[in-house]
Amino acid sequence: MTDSDDAGEPGYDAAFVRRWLIRTADVVELEAGHLTELDSPIGDADHGSNLQRGFRAVRAALDQGPPDTPGGVLVLAGRQLISTVGGASGPLYGTLLRRAGKALGDAERVGTGELQDALRAGVAAVAQLGGAAVGDKTMLDALVPAVEALGDSPAAAREAAERGALGTVPLQARKGRASYLGERSIGHQDPGAASSALLIAALAETAA
Ligand code: ADP
Ligand code: MG
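The shown structure was predicted, so the numbers you read here are calculated from the model rather than taken from an experiment.

J.: Talk me through the coordination of the magnesium ion (ligand 2); I want residue IDs and the actual numbers.
T.: In an ideal tetrahedron of four donors about a metal, each angle is 109.5 degrees. In an ideal octahedron of six donors, the angles are 90 or 180 degrees. With distances of 2.0 to 2.3 Å, the protein atoms coordinating the magnesium ion (ligand 2) are Asp39 (OD), Asp44 (OD) and Asp46 (OD). The motif formed by the donor residues of the magnesium ion (ligand 2), counted along the single chain, is D-x4-D-x1-D. Taking relative accessible area as the criterion, Asp44 reaches 31% and is therefore assigned partly exposed. Here Asp46 falls in the partly exposed class, since its relative accessible area comes to 21%.

In structure tokens form, the structure reads like this:
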């Protein structure tokens, strides 16, 4: 790599990933009520409280002794979400972060391309665990386009996630609790897609 490449390529270290997840935890505190409201008409009104519990545990674990690699931070956070959130979203978000962390391995600093590849692996693991695809009105409708747009920039990823989350409104749910409603799930935003957009917005804000 030449010096000019070095200058142009943003790098992400453990401290960056920690700031990203703490910012997400902050936003989850602020938006928990709204996320639970979204989960009322097409779910069981617990998405905000589920994520609040999960990200409080993430914050506590990162305060205790943050790992010194980006992968280690993601794996630790993923494990907290899996073990503390009872709803579907805990294991799904936990899998996203844990798998992404494992994909990063022991690297102390990673570039945008590596972060994108790792998150892509995480998103694929979420799709496999939940059996959902884009268009099923789930978190994947925000995460999949976001990860693809991350190749352009974190800001582009944020825009793609927000567009994807809003795009769930006219969809009929085919996975998760909302799918029990059939056509009555149409006309409401998916709560998990909305929270995924918050996660990606926090990434973009941390990178800015
Ligand atoms: P629960 O549905 O158990 O109450 P939450 O309310 O915390 O859990 O999370 C609901 C969100 O989880 C949904 O809005 C959706 O985005 C996501 N979700 C549910 N099932 C799946 C699935 N099979 N694949 C992907 N995402 C899913
Ligand atoms: Mg719910």
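J.: Can you lay out the environment of Glu29 for me, pointing to particular residues and giving the numbers?
T.: Position of Glu29 among the secondary structure elements: in helix H2 (residues 14–38). Taking the C-alpha atoms as reference points, Glu29 and Gln52, separated by 23 residues in sequence, lie 6.2 Å from one another. In this view, Glu29 contacts Gln52, Arg56 and Arg59; residues no more than four positions away in its chain are not counted.

J.: Could you give an account of the side chain of Thr206, naming the residues involved and the relevant values?
T.: Looking at the element boundaries, Thr206 is found in helix H9 (residues 191–207). On the basis of relative accessible area, Thr206 is assigned to the buried category, the value being 12%. A polar contact of 2.6 Å, which involves the side chain of Thr206, links it to the backbone oxygen of Ala202. If sequence neighbours within four positions are ignored, Thr206 has contacts with Phe16, Arg19, Trp20 and Arg23.

Here is what the cut-offs are and how they apply
Residue numbers run consecutively from 1 along every chain, following the written order of its sequence. Chains and ligands are labelled sequentially in the order written, the chains with letters from A and the ligands with numbers from 1. With pLDDT at 70 or above as the cut-off, local features in this predicted model cover only qualifying residues; side-chain atom pairs require 80 or more to be listed or tallied, and sums for whole chains, interfaces and linings still use all residues. Based on all heavy atoms of the structure, the side-chain values leave hydrogens and waters out of the count. Listed donor atoms are N, O and S within 2.8 Å of the metal (Na, K and Ca: 3.2 Å). As water is not included, a site may look incomplete. The cut-offs for exposure are 20% and 50% of the maximum accessible area for each residue type, with area from a 1.4 Å probe on protein chains only; residues under the lower value are buried, those over the upper are exposed, and the others partly exposed. Numbering of helices and strands starts at the N terminus; helices are DSSP runs of H or I of at least 4 residues and strands are runs of E of at least 2. Note on definitions: a residue-residue contact is assigned when non-hydrogen atoms from the two residues lie within 4.5 Å. Whenever two N or O atoms come within 3.5 Å, that pair is a polar contact, provided that in protein one can donate a hydrogen and the other can accept it, and provided that, for residues adjacent in sequence, both atoms are side-chain atoms.

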